[in-house]
Every structure is written in C-alpha cells, then in structure tokens.
Amino acid sequence: MKAFRCGDVVPGCTREFTGTDRQDILDQVAEHARADHEVEVDLTLAEAVEAHLQDR
C-alpha cells in the first residue's frame, strides 16, 4: 500500500491519497491536480510525487 499527501508538494493542500501501488497514486493525483489545482501532471510533478510516496 502506498500513500501521498498533496501538501508535501503543494503547500496548503490537505488532500491525501492511498493506493495499491505507485501508478494508482499517480492516477489519483493527476485527476486531483486537474480538478483542484488546474494543472497537468508533467515529469517534474510526477517525480515530486514519487519522492514523497510513503509505504503503508
């Protein structure tokens, strides 16, 4: 199980995600980034997310 807190990359955001693996988290974060932050996930953002993934 993996977890990610958006606030680790986007200060002030309180959304948290859990998923079965890295790709599951990236898919959830991509949807959140588009809907709530109006950005697309690019390589830089994907690397930042991966750097903050936690095992649960």
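Criteria and cut-off values
- In this numbering scheme, every chain counts its residues from 1 along its sequence in written order.
- The model is predicted, so local features are restricted to residues of pLDDT at least 70 and side-chain atom pairs to those at 80 or more, both for listing and for counting; the totals for chains, interfaces and linings are taken over all residues.
- To get the side-chain values, all heavy atoms of the structure are used, and hydrogens and water are removed first.
- Numbering of helices and strands starts at the N terminus; helices are DSSP runs of H or I of at least 4 residues and strands are runs of E of at least 2.
- Taken over C-alpha atoms, the radius of gyration is set against a globule rule of 2.2 Å times the number of residues to the power 0.38.
- Think of it in three bands: residues with accessible area under 20% of the maximum for their type are buried, residues over 50% are exposed, and the middle band is partly exposed, with areas taken using a 1.4 Å probe on protein chains only.
- The contact definition used throughout considers only heavy atoms, calling two residues in contact when any of these lie within 4.5 Å.
- Here the accessible surface of atoms and residues is derived via Shrake-Rupley with a 1.4 Å probe, and residues count as covered only by protein chains that are part of the display.
- His is not counted, nor are the chain ends, whereas Lys and Arg count as positive and Asp and Glu as negative.
- Note on charges: their place is set at NZ of Lys, CZ of Arg, CG of Asp or CD of Glu.
- In this description, a nonpolar core means a group of buried Ala, Val, Leu, Ile, Met, Phe, Trp, Tyr and Cys residues linked to one another through side-chain atoms lying within 4.5 Å.
- Whenever two N or O atoms come within 3.5 Å, that pair is a polar contact, provided that in protein one can donate a hydrogen and the other can accept it, and provided that, for residues adjacent in sequence, both atoms are side-chain atoms.

Chemist: For this particular structure, what's the right way to read the overall build of the chain?
Modeler: In terms of regular secondary structure, the chain is built from two helices and three strands. Tracing the chain from N to C terminus, the helices and strands come up as β-β-α-α-β. In summary, the chain has a C-alpha radius of gyration of 10 Å against a globular reference of 10 Å for 56 residues, a match within 12%. Taken along its principal axes, the extent of the C-alpha atoms in the chain is 30 × 20 × 15 Å. Taken over 56 residues, the chain has a buried fraction of 27%. Sequence-distant contacts in the chain: of pairs separated by 6 or more residues, those separated by 24 or more amount to 42%. Total accessible area computed for the chain in this model is approximately 3700 Å², and 47% of it derives from carbon and sulfur atoms. For the chain, the separation between the mean place of its 6 positive charges and that of its 13 negative charges on side chains is 5 Å.

Chemist: Looking at this structure, how should I read the nonpolar core?
Modeler: Soluble globular proteins tend to pack their nonpolar side chains together in the buried interior. Ranked by size, the top nonpolar core spans 10 residues in total: Phe4, Cys6, Cys13, Phe17, Ile25, Leu26, Val29, Leu45, Ala46 and Val49. Counting residues per element, the ones that place at least two in this core are helix H1 (22-37) and helix H2 (43-51). Those residues in contact with Ile25 that sit more than four places away from it in its chain are Lys2, Ala3, Phe4, Phe17, Thr18, Gly19, Val49 and Leu53.

Chemist: Just checking my understanding: could you explain unusual backbone geometry for this structure?
Modeler: Excluding glycine, residues mostly carry a negative phi; peptide bonds, for their part, are mostly trans. Positive phi, normally seen in glycine, also occurs at Glu38, with a value near 55°. Summarising the element assignment, Glu38 is placed in the loop between H1 and H2. On the accessibility criterion, Glu38 (72% relative accessible area) is exposed.

Chemist: I tried to follow the environment of Asp42 on my own but got confused; where do I start?
Modeler: Within the fold, Asp42 resides in the loop between H1 and H2. Residue classification places Asp42 among the partly exposed residues on the basis of a relative accessible area of 45%. Sequence spacing of Asp42 and Gly7 is 35 residues, and the spatial spacing of their C-alpha atoms is 17 Å. Among the polar contacts listed, one links the side chain of Asp42 to the backbone nitrogen of Thr44, at a separation of 3.3 Å.

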